[in-house]
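Examination of the molecular architecture
Chain by chain, the residues run as shown.
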Amino acid sequence: MKAAVWHNVKDIRVEDVEEPVVSSGKLKVKVEWAGICGSDLHAYLDGLSMEAHPISGQKPPLTLGHEFSGTIVEVAEDVKNHQVGERVAIEPLIYCGECYACKRGFYNQCSQVGFVGLNRDGGFAEYVIVDENMVHILPENVSFEEGALVEPTAVSFYAVRESKLKAGDSVAIFGAGPIGLLTLLSAKAAGATQIIVVDISKERLEKAKELGATTVIDGTRDDIVPTILQLTKGGVNVAYECAGVQQTMTNAVASIKQGGQVMAIAVFAKPVAVDMGLIMFKAADITSTLAYRHVFPEVIDMIATGRLDVKPVITKKIELKDIVEEGFNQLIEDKKQAKILVKPSGN
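Here's a quick rundown of the structure. Keep in mind it's a predicted model, so treat the numbers as computed, not measured.

The next subject is the sheet that holds strand β14 (residues 236-241). Read across the sheet, six strands follow the order β13-β12-β11-β14-β15-β16 without closing on themselves; strand pairing throughout is parallel. Edge positions in the sheet fall to β13 (215-218) and β16 (285-288), since each has one partner strand and no second. Taking each pair of neighbouring strands and ignoring which way they run, the sheet shows an average axis angle of 20 degrees. One ladder, built from four bridges, connects strand β12 (residues 194-199) with β13; its direction is parallel. Directly across from Ile196, in β13, lies its bridge partner Thr215. The strands touched by helix α8 (residues 246-255) within the sheet are β11 (170-174), β14, β15 (256-264) and β16, with β15 carrying the most contacts at an inclination of about 150 degrees.

Structure below.
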């Protein structure tokens, strides 16, 4: 079969690989659509660990892709809860089930946490093998394209759900990439009435406005914080940090009101400084989430019932053979792009 295999930095090859074989507790999924994530882009530009993952036992070269949906085409004999023909979205977390976090149900914070598509062969392929506990059934009225967005939506949905946001609150979202846009949709669904989005890309701000932002602010301005404080009469209830850089974290802390909260969602490539004096003065919280846990069914239900319309976040659909030029390179060069979906060949 064809698969997009990561070999090294800026070296992803669409090549012929052996079709995977089902083993105990596993299912084979024919991939319908797979999304390119910021983590995939990070792997493309900066690399992956060359060590074998302690749970999967796999190391590069490996097939990328952890945001995907598809159809079950084969199940192992000991798999009892799923059957061939089911339409599914995949929750790609790999965890041990035995560590302190796992035993408390916090499997997303497993001491050896990993991802299908980053630490084991993933969804940029015609077929993929997944564990039974990774599979979530899609209702008939949820498309495979929407199914591929369940995973990134779960990141934002979980962060909003874990934050202090209450109906009627104001929020600021720093960063309008796919996670920032999905955070906007999740905050709106949770009842936020004033939604301010900050980004340096004019195109992404236009998309944020289209999705329901009440105010958008050019991230290159030097009066971002005073503007937010003025608009909200003292600051937002919750600031979501979706960019992962020093300046946006600094602005997020400065933009919350007394008793407010900063929720960090982005992955930070390097350490950032936080003004703890300001946090103490405001008696504010600063917290974060890692991925998600126990929310895929709710996210699928929110999409199925129309409470989360994720389709506008999709900006382009491509074939697997074009994944480097039309996918990864496009995301680097064209800031109009939010979520690019990939259709594996042979489908």
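The strand order across the open sheet formed by three strands is β2-β1-β4, and the pairing between neighbours is antiparallel. This sheet does not close on itself; its edge strands, each paired only once, are β2 (11-16) and β4 (62-63). By the bridge criterion, two bridges tie strand β1 (residues 2-8) to β4 in an arrangement that is antiparallel. Paired with Trp6 across the strands is Leu62, a residue of β4.

For β12, the buried fraction is high: five of the six residues fall into the buried class. Where β11 meets β12, five bridges bridge the pair, whose relative direction is parallel. Its bridge partner lying in β12, Ile173 is registered against Val197. Handedness of the β-α-β unit built from β11, helix α5 (residues 178-189) and β12 comes out right-handed. Crossover β12 to β13 through helix α6 (residues 202-211) is right-handed.

Membership of the largest hydrophobic core comes to 95 residues, with the highest contact counts inside it found for Leu64, Phe124, Tyr240 and Tyr292. With near-sequence residues (within four places) excluded, Tyr240 lies in contact with Ala159, Val160, Ser163, Leu165, Val171, Ala172, Ile173, Phe174, Thr183, Met263 and Ile265.

Further remarks concern the environment of Ser345. Examined against the element boundaries, Ser345 turns out to sit in the segment after β18 (339-343). Separated by 330 residues in sequence, Ser345 and Glu15 have C-alpha atoms that sit 11 Å apart. When neighbours within four sequence positions are excluded, Ser345 is seen to be in contact with Lys2, Glu126 and Leu320.

Now for unusual backbone geometry. Note that the residue after Pro60, namely Pro61, is joined by a cis bond; omega there is 5 degrees. Take Pro61: it is sitting in the loop between α1 (38-46) and β4. Here the phi dihedral of Ala283 falls at roughly 50 degrees; this positive angle occurs in a residue that is not glycine. Its place among the elements puts Ala283 in the loop between α9 (276-282) and β16. Phi is positive for His294, close to 55 degrees, though the residue is something other than glycine. His294 gets classed as partly exposed once you look at its relative accessible area, which sits at 49%.

Thresholds applied
Residue numbers here run from 1 along each chain, matching the order of that chain's written sequence. Reporting in this predicted model follows two pLDDT cut-offs: at least 70 for local features of residues, and 80 or more for side-chain atom pairs to be given and counted; totals over whole chains, interfaces and linings ignore these cut-offs and use all residues. With hydrogens and water excluded, all non-hydrogen atoms of the structure serve as input to the side-chain values. DSSP calls a pair of strands paired once it identifies at least 2 bridges connecting them. Segments assigned H or I by DSSP are reported as helices when at least four residues long, segments assigned E as strands when at least two residues long, and all are numbered from the N terminus. The axes are straight lines fitted to the C-alpha atoms, using for helices just the contacting stretch, and the angles between their N-to-C directions are given from 0 to 180°. Note on definitions: a residue-residue contact is assigned when non-hydrogen atoms from the two residues lie within 4.5 Å. Each residue gets one of three labels from its accessible area relative to the maximum for its type: buried under 20%, exposed over 50%, partly exposed in between, using a 1.4 Å probe on protein chains only. Crossover handedness is defined here as right-handed if the route from the first strand over the helix to the second strand goes clockwise, with the strands pointing away from the viewer. Nine residue types can take part in a nonpolar core, namely buried Ala, Val, Leu, Ile, Met, Phe, Trp, Tyr and Cys, and a core is a set of them joined through side-chain atoms within 4.5 Å.

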